[in-house]
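Residues per chain are reported as follows:
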Amino acid sequence: MGRLQKILIPFLGLVLAFCFYSARENFKPEMLKGKRVIVTGASTGIGEQMAYHLARMGAHVLVTARTEAKLQKVVERCRELGAGSAQLVSGTLSHHTLTPAPLLSGGLDMLILNHVGKSYFSYFDGDVRHIQKLLDINFLSYVAMTVSALPMLKQSGGSIVVVSSMAGKVGFPFTVPYSATKFALDGFFSSLRQEFSIQNVNVSITLCILSFIDTESAVRAAADVLQMSPAPKEECALEIIKGGALRQREVYYKYTLTKIPLLLRDWAAELLGKNSNKLIIK
Ligand SMILES: NC(=O)C1=CN([C@@H]2O[C@H](COP(=O)(O)OP(=O)(O)OC[C@H]3O[C@@H](n4cnc5c(N)ncnc54)[C@H](OP(=O)(O)O)[C@@H]3O)[C@@H](O)[C@H]2O)C=CC1
Ligand SMILES: CC(C)CCC[C@@H](C)[C@H]1CC[C@H]2[C@@H]3C(=O)C=C4C[C@@H](O)CC[C@]4(C)[C@H]3CC[C@]12C
């Protein structure tokens, strides 16, 4: 092969790859108008902000969490912001949980799994029961809700959005129980996505890899320990919805704080491990 060809072929490949990626559909808020969406863990934080974005876009939203009084306020605000409809279901989520989709006029277009049980942000304390409980809330309830929502999502050609973390892709100190539950989500949902592809199931699965976000609970738990400043929850919530609506495989937010360390993860794990701790922890 001539030298010119050796350069030209990879170059052409790069141009084609660029065209392919830049030709991807753009997000439009109208994509969510009239869609029936469930957001779990929507009484505070990122989930609450997702409910408000969806309401502005004219979606029918159903929010869940344990604290009914907070959910009531979220529902009222969603109605003010222009939601097609807004409802709540309160209660704790576990492996027994069925998705409350039938409340949304019998159907469902998007299931956003976002809730997270309370954990600690310090050295692993050896409490196995805590890990079991956290797995139930952060992982098994996601599985149970997915299983019960699947017939409706298949019917609508809908989407499952799973909110995870950098701590669900890389091991960081002080997040042992939490990290275990988030890694489990990646295993379950990435494998399920492959099966959907083989079986031609038209349900997308979007896994969201988030860095430190400025929600009240996260800032309270980790701001004194971490060097980095948290990213805004409002923008984070919008990026998650965009990724779900565009049926992306994964969402990275903030992109540079998540995608680049993940590219380094497999071929420079030692380097990343030792140095990232120095960079991240005060
Ligand atoms: N903030 C951050 O820095 C990061 C967050 N993430 C992920 O983003 C998502 C949202 O996080 P964030 O907004 O910070 O979390 P918040 O602590 O603000 O919100 C958690 C939500 O889950 C609900 N919840 C808690 N326990 C249960 C339970 N047992 N059953 C049902 N609902 C429950 C809470 O409401 P109530 O107490 O009323 O039940 C609340 O609505 C999580 O999946 C988290 O792992 C990922 C990376 C970083
Ligand atoms: C390589 C680096 C540039 C990026 C490092 C990002 C690290 C430090 C980020 C990524 C995900 C983050 C944690 C998270 O997912 C959720 C929570 C729950 C909350 O209640 C307490 C804070 C906590 C533990 C976050 C702490 C900071 C973490 C480990």
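Rules used in this analysis
- Residues numbered from 1 in each chain as written.
- Chains lettered and ligands numbered in written order.
- Predicted model: local features only at pLDDT ≥ 70, side-chain atom pairs only at ≥ 80, totals over all residues.
- Heavy atoms only, no water.
- Near = heavy atom within 4 Å.
- Polar contact = N/O pair within 3.5 Å; in protein donor to acceptor, adjacent residues only side chain to side chain.
- Areas by Shrake-Rupley, 256 points an atom, 1.4 Å probe, with all protein chains shown as cover.
- Helix = DSSP H or I, 4+ residues; strand = E, 2+ residues; numbered from the N terminus.
- Nonpolar A, V, L, I, M, F, W, Y, C, P; charged D, E, K, R; others polar.
- Pairing = 2+ DSSP bridges.
- Axes fitted to C-alpha atoms, helices over the stretch in contact; angles between N-to-C directions.
- Contact = heavy atoms within 4.5 Å.

A. Representation of the site of ligand 1 in the model. As a matter of local geometry, ligand 1 sits amid 30 residues, with S43, R66, T67, Y178 and T215 nearest to it. In this structure, R66 approaches ligand 1 through a side-chain N or O atom, which is 2.7 Å from an oxygen atom. T215 is positioned such that a nitrogen or oxygen atom in its side chain is 2.7 Å from an oxygen atom of ligand 1. Expressed as a share of its isolated accessible area of 890 Å², the protein-covered part of ligand 1 is 90%. For the shell around ligand 1, the elements supplying multiple residues, two or more each, are α2 (45–56), α4 (128–156), β5 (159–165), α5 (176–198) and α6 (216–222). The element best represented in the shell around ligand 1 is β5, accounting for three residues.

B. Spatial organisation of the site of ligand 2. The immediate surroundings of ligand 2 are formed by 15 residues, with F121, S165, Y178, L226 and I280 found nearest. S165 has a polar side-chain atom sitting 2.6 Å from an oxygen atom of ligand 2. Interatomic distance of 2.8 Å between a side-chain N/O atom of Y178 and an oxygen atom of ligand 2. Relative to its free-state accessible area of 620 Å², ligand 2 is covered by the protein chains to the extent of 84%. Elements with a minimum of two residues in the shell around ligand 2: α6 and α8 (255–265). Per-class residue counts for the shell around ligand 2 are 13 nonpolar, two polar and no charged.

C. Quick look at the sheet that holds strand β7 (residues 250–253). Ordered by their spatial adjacency, seven strands build an open sheet running β3-β2-β1-β4-β5-β6-β7, and the pairing between neighbours is parallel. The open sheet terminates on both sides in strands that have one partner only, identified here as β3 (85–90) and β7. If you compare each strand with its neighbour and ignore which way they point, the axes differ by 15° on average. The pairing of strand β1 (residues 36–40) with strand β2 (residues 60–65) spans five bridges and is parallel. Following the sheet pairing, R36 is matched in β2 by H60. Taken strand by strand, helix α7 (residues 233–245) contacts β4 (110–113), β5, β6 (204–210) and β7, and its axis lies near 155° from that of β6.

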